[in-house]
Amino acid sequence: MIFVTGGAGFIGANFVLDWLAQSDESVLNYDKLTYAGNLNNLASLNNDARHVFVKGDINDSAHLCGLFFEYQPRAIIHFAAESHVDRSIVGPAAFVTTNVNGTFGLLEAARTYWQSLEGEDKDNFRFLHISTDEVYGTLSADDAAFSETTAYAPNSPYSATKAASDHLVRAYHHTYGLPVLTTNCSNNYGPYHFPEKLIPLMITNARAGKDLPVYGDGLQVRDWLYVKDHCSAIRRVLEAGRLGETYNVGGWNEQTNLSVVHTLCELLDELQPKAHGSYKDQIKHITDRPGHDRRYAIDARKIERELGWKPQETFSTGLRKTLEWYLANDDWTKQVQSGEYLKWVALQYEDEEQA
Ligand code: NAD
Ligand code: TYD
């Protein structure tokens, strides 16, 4: 079986669902169920014996170690993290605890287990660490895209703690020989995305008739990748990635935030038109995020050259699928927009002057 951390979150849940749709190899899904973890994402697996869920914290090495010896996974795929930049600005401590200390706890448990293995089991074991392009810092308009050799220069508490976790993973390979792989991916979007992140926030606010809050001038650039393409890249790296290597994963799809919001509004105007006007009328520029990175861009040639992976969706096809999913899954959105979510929205957006 494979052992997944953070499999009740956005990317982890998509990964688990895709994995079990394509393989009969079981998944042990280990997740703390923070505000971002949601077992409803995995409701379709409720009666599926191939999915074993265990609630736990990656800081709990003893718990993890016990599970590794009991279930004997052939690979660990590490998604669990605090993942929202804005939350890392308001409260960085949880990011250090989970992303740095938690990754350390997981690595320690993985090392103990891996060192107990022998022969093929030991040779074939993999620790795949899921990371972000944000560790590379920010680019100006004419800089080359991030490659695997770009120096780390993280700018937010989120990216700094992810960078620290990448370094720990690297060190466990060089020092102990732990068979690790790391992926650094750009911004994902798709089903089950928690509506505090740009794309699902815009979809849910637009449909609720609320403001569409664009930070600053909205000309910050991100590379966007459909989540299922990220999942296929992870499967490919697990299958054939070279030990100790890092692979950048991206969609060859740089967009300004304003352009993303405009495209979404146009799609919504088509799929669920308002009685009067366009959803674009709801766009409102608000105070910028402190330390806001201006541009991310990913050079994903290494994973294409070495492993033959490239994205299947364009932004246009992926965004349409995403919007259609949200339109068909109001119950999911209503369920996640509960107490914890409302508290965040009040803290982050309600001090903004109304236009
Ligand atoms: P998410 O916030 O949606 O989900 C994180 C999951 O981890 C949740 O289920 C949460 O309950 C769990 N978790 C948090 N702390 C934990 C702990 N201490 N112990 C066990 N479980 C814990 O995040 P996501 O967007 O799915 O991101 C998954 C991974 O991918 C993260 O490592 C993130 O850095 C990375 N990543 C995300 C993106 C993106 O665009 N979302 C892009 C590149 C890389
Ligand atoms: P986000 O989804 O938080 O991802 P990240 O900061 O990790 O790239 O934000 C994507 C971009 O959208 C980022 O430049 C910040 C911007 N943004 C807004 O303009 N308004 C918002 O309300 C949010 C949540 C993000």
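Because the structure is predicted, anything quoted here is derived from the model rather than measured.

(A) Seen up close, the overall build of the protein chain. The number of helices and strands found in the protein chain is 13 helices and 12 strands. A globule of 355 residues ought to have a C-alpha radius of gyration of about 20 Å, and the protein chain, at 20 Å, matches this closely. Burial statistics for the protein chain: of 355 residues in total, 55% are counted as buried. Nonlocal contacts in the protein chain, meaning residues at least 24 apart in sequence, comprise 82% of its contacts between residues at least 6 apart. For the protein chain, the exposed surface amounts to about 14,800 Å²; the carbon and sulfur share of it is 50%.

(B) Representation of the UniProt feature "domain: NAD(P)-binding" (unreviewed entry) in the protein chain. What UniProt calls "domain: NAD(P)-binding" (unreviewed entry) maps, in this numbering, to residues 3–322. Structurally, residues 3–322 comprises 42% helix and 17% strand, and the distance from its first C-alpha atom to its last is 27 Å.

(C) Just unusual backbone geometry, in detail. Here Leu 33, not a glycine, exhibits a phi torsion of approximately 55 degrees, which is positive. Although it is not a glycine, Tyr 192 adopts a positive phi angle of roughly 65 degrees. Along the chain, Tyr 192 falls in the loop between β7 (187–189) and α7 (198–207).

(D) The sheet that holds strand β11 (residues 254–256), seen in detail. Taken together, the 3 strands give an open sheet; going across it, the order is β7-β9-β11, and neighbouring strands pair in mixed fashion. Strand pairing shows two members of the sheet lacking a second neighbour, β7 and β11, which therefore form its edges. Averaged over all adjacent pairs, the angle separating strand axes in this sheet is 50 degrees, with direction ignored. When strand β9 (residues 221–226) meets β11, the two strands line up antiparallel, connected through 3 bridges. Paired with Arg 222 across the bridge in β11 is Gln 255. Along the sheet, helix α9 (residues 257–271) makes contact with β9 and β11, crossing β11 at roughly 85 degrees.

(E) The arrangement of the packing of α9 against helix α11 (residues 315–328) in detail. The contact between α9 and α11 brings their axes to 11 Å, and the two run at 55 degrees. In this view, α9 runs oblique relative to α11, as classed from their interaxial angle. As α9 packs across α11, the resulting crossing turns out to be right-handed. Every residue of α11 that contacts α9 at Val 260, Thr 263, Leu 264, Leu 267, Leu 268, Glu 270 and Leu 271 is listed here: Phe 315, Leu 319, Arg 320, Leu 323, Glu 324 and Leu 327. When its residues are assigned to classes, the contact of α9 with α11 shows 9 nonpolar, 1 polar and 3 charged.

(F) Structural view of the site of ligand 1. Surveying the vicinity of ligand 1 reveals 28 residues, the closest of which are Ile 11, Asp 31, Ser 83, Tyr 158 and Lys 162. At 3.0 Å from an oxygen atom of ligand 1 is found a main-chain nitrogen or oxygen belonging to Thr 34. Backbone polar atom of Asn 188 to an oxygen atom of ligand 1: 2.9 Å apart, as the coordinates give it. Bound to the protein, ligand 1 loses 96% of the 850 Å² it would expose on its own.

(G) A look at the site of ligand 2. Around ligand 2, the structure places 18 residues, and the nearest of them are Glu 134, Pro 213, Arg 289, His 292 and Tyr 349. Contacts to ligand 2 include Asn 187, whose side-chain N or O atom sits 2.8 Å from an oxygen atom. At a separation of 2.8 Å, a nitrogen atom of ligand 2 approaches a polar backbone atom of Pro 213. Here ligand 2 has 520 Å² of accessible area as a free molecule, and 97% of this is covered by the chains. Residue assignment for the shell around ligand 2 shows that the elements contributing at least two residues are α3 (85–90), α7 and β8 (212–215). By residue number, the principal contributor to the shell around ligand 2 is β8, which donates 3 residues.

(H) Molecular detail of the packing of α7 against α11. Axis separation between α7 and α11 bottoms out at 11 Å; the angle between their running directions is 50 degrees. By the angle between their axes, α7 is oblique relative to α11. Here α7 and α11 pass one another in a crossing that is right-handed. Each of Ile 199, Pro 200, Ile 203 and Arg 207 in α7 lies in contact with α11, whose residues at this interface are Phe 315, Leu 319, Thr 322, Leu 323, Tyr 326 and Leu 327. Taken together, the residues that form the contact of α7 with α11 break down as 8 nonpolar, 1 polar and 1 charged.

(I) Layout of the side chain of Thr 204. In this structure, Thr 204 sits in helix α7. Engagement of the side chain of Thr 204 in a polar contact is seen with the backbone oxygen of Pro 200, the distance being 2.8 Å. Not counting the four nearest positions on each side in its chain, Thr 204 is found in contact with Pro 195, Thr 333, Gln 337 and Tyr 341.

(J) Representation of the sheet that holds strand β1 (residues 2–5). Reading across the sheet, the 7 strands line up as β3-β2-β1-β4-β5-β6-β10 and stay open at both edges, with parallel pairing between neighbours. The sheet is open, and its two borders are formed by β3 (51–55) and β10 (246–249), each paired with just one other strand. The sheet shows a mean angle of 20 degrees between the axes of neighbouring strands, direction not considered. As defined by bridge partners, strand β2 (residues 27–31) adjoins β3 across 5 bridges and the pair is classed as parallel.

Parameters and conventions
- Residues numbered from 1 in each chain as written.
- Chains lettered and ligands numbered in written order.
- Predicted model: local features only at pLDDT ≥ 70, side-chain atom pairs only at ≥ 80, totals over all residues.
- Heavy atoms only, no water.
- Helix = DSSP H or I, 4+ residues; strand = E, 2+ residues; numbered from the N terminus.
- Rg over C-alpha atoms; globule rule 2.2 N^0.38 Å.
- Buried < 20%, exposed > 50% of the residue type's maximum accessible area, 1.4 Å probe, protein only.
- Contact = heavy atoms within 4.5 Å.
- Areas by Shrake-Rupley, 256 points an atom, 1.4 Å probe, with all protein chains shown as cover.
- UniProt positions renumbered as here; feature names shortened; annotations may be inferred.
- Pairing = 2+ DSSP bridges.
- Axes fitted to C-alpha atoms, helices over the stretch in contact; angles between N-to-C directions.
- Parallel < 35°, antiparallel > 145°, perpendicular 65-115°, else oblique.
- Left-handed = near helix turned anticlockwise from the far one by under 90°.
- Nonpolar A, V, L, I, M, F, W, Y, C, P; charged D, E, K, R; others polar.
- Near = heavy atom within 4 Å.
- Polar contact = N/O pair within 3.5 Å; in protein donor to acceptor, adjacent residues only side chain to side chain.

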